[in-house]
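If you want the building blocks of each chain, they are given just below.
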Amino acid sequence: MELLLDPNIWVGLITLIVLELVLGIDNLVFIAILVDKLPPRQRDKARITGLALALIMRLLLLSVMSWLIKLTAPLFSIYTLSFSGRDLILIAGGFFLLFKGTLELHERLEGKARPSSGPRVYASFGVIVTQIIALDAIFSLDSIITAVGMVDHLPVMFAAVIIAMAVMLVASKPLTSFVNQHPTVVVLCLGFLLMIGFSLLAEGFGAKVPKGYLYAAIGFSVMIEIFNQIARHSLKRSEATRPMRERTAEGILRMLGKRPPDEAHMENPSMEAELPVVFEDEERYMVSGVLTLADRSIHSIMTPRSDISWINIDDDIEKIRDEIINTPHTFFPICRGALDEIIGVGRARDLIADILTERRINVKKLRKPLVVPESINILTLIQTLKESRGQLVVITDEFGAIEGLVTPMDVFEAIAGEFPDEDETPDIVELGEGRWMIDGAADLRHLEQILNIDGLYDDNEETATLAGYLLRQFDRLAEPGDVFELDRGPIKTIFKVVALDGRRIGQVSVEQHRERDPEEMLDA
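Just so it is clear, the model here is predicted, and its values are computed rather than measured.

Examining the pattern of salt bridges
Evaluation of the coordinates by the stated rule reveals 14 salt bridges. The closest approach of N and O atoms between R359 and E318, which form a salt bridge, is 2.7 Å. Here R359, found in the loop between α13 (348-358) and β7 (370-373), pairs with E318, found in helix α12 (residues 317-326); they are 41 residues apart in sequence, far enough to count as distant. Among the residues examined, R359 registers a relative accessible area of 47% and is labelled partly exposed.

Thoughts on the pairing of strand β11 (residues 435-439)
Sheet analysis places strand β10 (residues 428-432) next to β11, joined by four bridges and oriented antiparallel. When the bridges of β11 are listed, V429 appears paired with M437. Between the end of β10 and the start of β11, which pair antiparallel, lie two residues, with G434 showing a positive phi angle near 80 degrees. Sheet topology note: the β11/strand β14 (residues 504-514) ladder contains five bridges and is antiparallel. Paired with R435 across the strands is E511, a residue of β14.

Section: a nonpolar patch on the surface
On the surface, a cluster of nonpolar side chains totalling about 650 Å² of accessible area is made up of F220, V222, M223, I224, I226, F227 and I230. Tracing the backbone shows F220 in helix α9 (residues 211-240).

Overview of the sheet that holds strand β9 (residues 402-406)
Strand order in the open sheet formed by four strands is β3-β9-β8-β7, and the pairing between neighbours is mixed. Of all strands in the sheet, those with a lone pairing partner are β3 (303-304) and β7, marking the two edges. Across four bridges, β7 lies against strand β8 (residues 393-396) in parallel orientation. Following the sheet pairing, P373 is matched in β8 by T396.

Some thoughts on α12
If you check which residues of α12 are buried, you get I317, I320 and I324. Each buried residue of α12 lies within a common arc of 60 degrees when the element is viewed along its axis, so the set occupies one face. Facing away from the buried side of α12 by over 90 degrees, the exposed positions are I325 and N326. Those residues of α12 that are buried are in contact with β4 (311-312), β5 (331-335) and α13. Its side-chain oxygen 3.0 Å from the backbone nitrogen of E318, D316 forms the N-cap of α12.

Quick word on the packing of α12 against α13
Taken N-terminus to C-terminus, the directions of α12 and α13 make an angle of 150 degrees; their axes are 10 Å apart at the nearest point. In terms of orientation, α12 lies roughly antiparallel with respect to α13. With respect to the hand of their crossing, α12 and α13 are arranged in left-handed fashion. Packed against α12, whose contacting residues are I317, I320, R321, I324 and I325, the element α13 presents A348, L351, I352 and I355 at the interface. Taken together, the residues that form the contact of α12 with α13 break down as eight nonpolar, no polar and one charged.

Topic: the nonpolar core
I438, L447, L466, Y469, L470 and F495 are the most contacted members of the largest nonpolar core, which totals 24 residues. Broken down by secondary-structure element, the contributors of at least two residues to this core are β11, α16 (444-451), α17 (466-474), β12 (483-488), β13 (491-501) and β14. Here this core gets five residues from one element, more than from any other, and that element is α17. Dropping the residues within four chain positions of it, I438 is found in contact with D427, I428, L447, L466, G506, Q507, V508 and V510. Counting 15 residues, the second largest nonpolar core, distinct from the first, contains A46, L59, V161 and M165.

Remarks on the confidence of the model for the protein chain
Looking at the protein chain, the pLDDT average stands at 75 and 73% of residues meet or exceed 70. Counting interchain partners and residues more than four positions distant, the pLDDT-below-50 stretch residues 264-275 has 16 contacts.

Considerations on helix α5 (residues 85-109)
Taking 1.5 Å as the rise per residue, α5 with 25 residues should run 36 Å; its terminal C-alpha atoms sit 36 Å apart, in good agreement. Taken together, the buried positions of α5 are G85, R86, D87, L90, I91, G93, G94, L97, K100, G101, E104 and L105.

Re the packing of aromatic side chains
Geometry of an aromatic ring pair is reported as the spacing of the ring centres plus the angle between the planes. Per the counting criterion, the structure on display carries five aromatic pairs. For the pair F83 and F205, a centre-to-centre distance of 5.8 Å together with 85 degrees between the ring planes defines the contact as edge-to-face. Of this pair, F83 sits in strand β2 (residues 81-84) while F205 sits in the loop between α8 (183-204) and α9; the two residues are 122 residues apart in sequence, bridging distant segments of the chain.

Things to note about the environment of V290
Structurally, V290 can be placed in helix α11 (residues 281-293). Using a relative accessible area of 47% as the deciding quantity, one classes V290 as partly exposed. Along the chain, V290 and A414 lie 124 residues apart, while their C-alpha atoms are 8.3 Å from each other.

Remarks on the sheet that holds β10
Overall, antiparallel pairing links the five strands, which are arranged β10-β11-β14-β13-β12 in an open sheet. Unpaired on one side and paired on the other, β10 and β12 mark the two borders of the sheet. The average undirected angle you get between the axes of adjacent strands in this sheet is 20 degrees. Bridging between β13 and β14 involves ten bridges; their strand directions are antiparallel. Bridged to K492 within β14 is H513. α17 rests against β11, β12, β13 and β14 of the sheet, and its axis sits at about 95 degrees to β12.

What counts, and where the lines are drawn
Residues numbered from 1 in each chain as written. Predicted model: local features only at pLDDT ≥ 70, side-chain atom pairs only at ≥ 80, totals over all residues. Heavy atoms only, no water. Salt bridge = Lys/Arg side-chain N within 4 Å of Asp/Glu carboxyl O. Helix = DSSP H or I, 4+ residues; strand = E, 2+ residues; numbered from the N terminus. Buried < 20%, exposed > 50% of the residue type's maximum accessible area, 1.4 Å probe, protein only. Pairing = 2+ DSSP bridges. Patch = residues over 30% accessible without salt bridge, like charges linked within 9 Å, V, L, I, M, F, W, Y side chains within 5 Å. Areas by Shrake-Rupley, 256 points an atom, 1.4 Å probe, with all protein chains shown as cover. Arc of directions from axis to C-beta. Contact = heavy atoms within 4.5 Å. Polar contact = N/O pair within 3.5 Å; in protein donor to acceptor, adjacent residues only side chain to side chain. Axes fitted to C-alpha atoms, helices over the stretch in contact; angles between N-to-C directions. Parallel < 35°, antiparallel > 145°, perpendicular 65-115°, else oblique. Left-handed = near helix turned anticlockwise from the far one by under 90°. Nonpolar A, V, L, I, M, F, W, Y, C, P; charged D, E, K, R; others polar. Core = buried A, V, L, I, M, F, W, Y, C linked by side-chain atoms within 4.5 Å. pLDDT = per-residue confidence, 0-100. Expected span 1.5 Å × (residues − 1). Phe/Tyr/Trp six-rings, centres within 6.5 Å; stacked < 30°, edge-to-face > 60°.

Put into structure tokens, the structure is as follows:
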């Protein structure tokens, strides 16, 4: 009762509890790193067992405090240095912390990935618990000797140690989870342990390191890390506001070696370092085509009005037959006099059968044309194509005029690249290294993949072909011989109009040159 009523006892008890907690934080951090090496089901058991045995050890050390005090007496001397039992324990503990901290830090800085398949190799339960106890013995030595010097009553010391260890036991699990979820915190804590190990080693050799310096450095580092964690949390929260699909697509595009659209027009060429590519060219094109398909306009995949093969039902039957035979299409729009006057869609084999048996096209057998506006979303269009059972879909503008048509093959080509028909030549023909002959109707997204440059296709623009892109750059109708140069870092791409198809750009020659770096020119 006298102890409970003495204010000095309460002050000493509170002081010792705070001291034990402050000096035990580094112990908890290292325990968090150690228990992560055990299987998940054993981690809580190891943490509780280690701290419980550490508590028993601390109480035993307090019980033999008379022996601890004698540890400060010199045992032997080397030249001007004298060593006590306490010094030897501090030196051994310092070496242990430096060795263990260095190994842990090396493992994390080397970035060795854990195997994604097969069982993970864990440490032994007994080894981890032994390390926890040995570590606590090193960290508790100073605090116990300090307690002996501060308080004269053994029960008060026991109470302070028990309360402090109980708090550490409660805090150990959340601290372990936090440390293991934040790799930068682990590296920072290992740095603390190296610093503490060095201070113990120095103190063991007689060079006293003021604890205030250590706590100030640790406190400042912790404050900086708090700011870092706040910044990372704010960044993650900001990223979380972006659609999941957009973030996923951006990440995969980076794997494909392509920059996101907001990075495609970087002004500083020196920042445009090559991104690592983990897919082959064909894989890159197909995956990129799938991810960007929903964002494309109908104009970028449809067959334009000028290239549509259609049947005029008013033509001579022999002319109609020759056109069907010579055009390798499965479906044809059947019109009366003009393309905009479409009356149905016919299958080639059915049309030929009608011509052979009836010497005419049976209008009653024609399929009803599927007509959609040019503003339709591509994913909605794909669903329409599924319902059409393979036939074409007609695209119209706001006035009802036919702009083009889309078939399932057009969608497939938007994903996998061009598949020319028998009567077509490829849009992109490679003439040699760094040289191509390209049709003006070539898709800009496909062209970006072939030329390995970004920024040709603009979601905000209506144009989706090379001809449209060049007209946008010239800002006038093009003429043969017109040239446009595009600089992308060390690569210069030269577009030259070779021929026109009516008023449309028909053929374009493209050449790419790598500009030599000034330092390379000097070396040469």
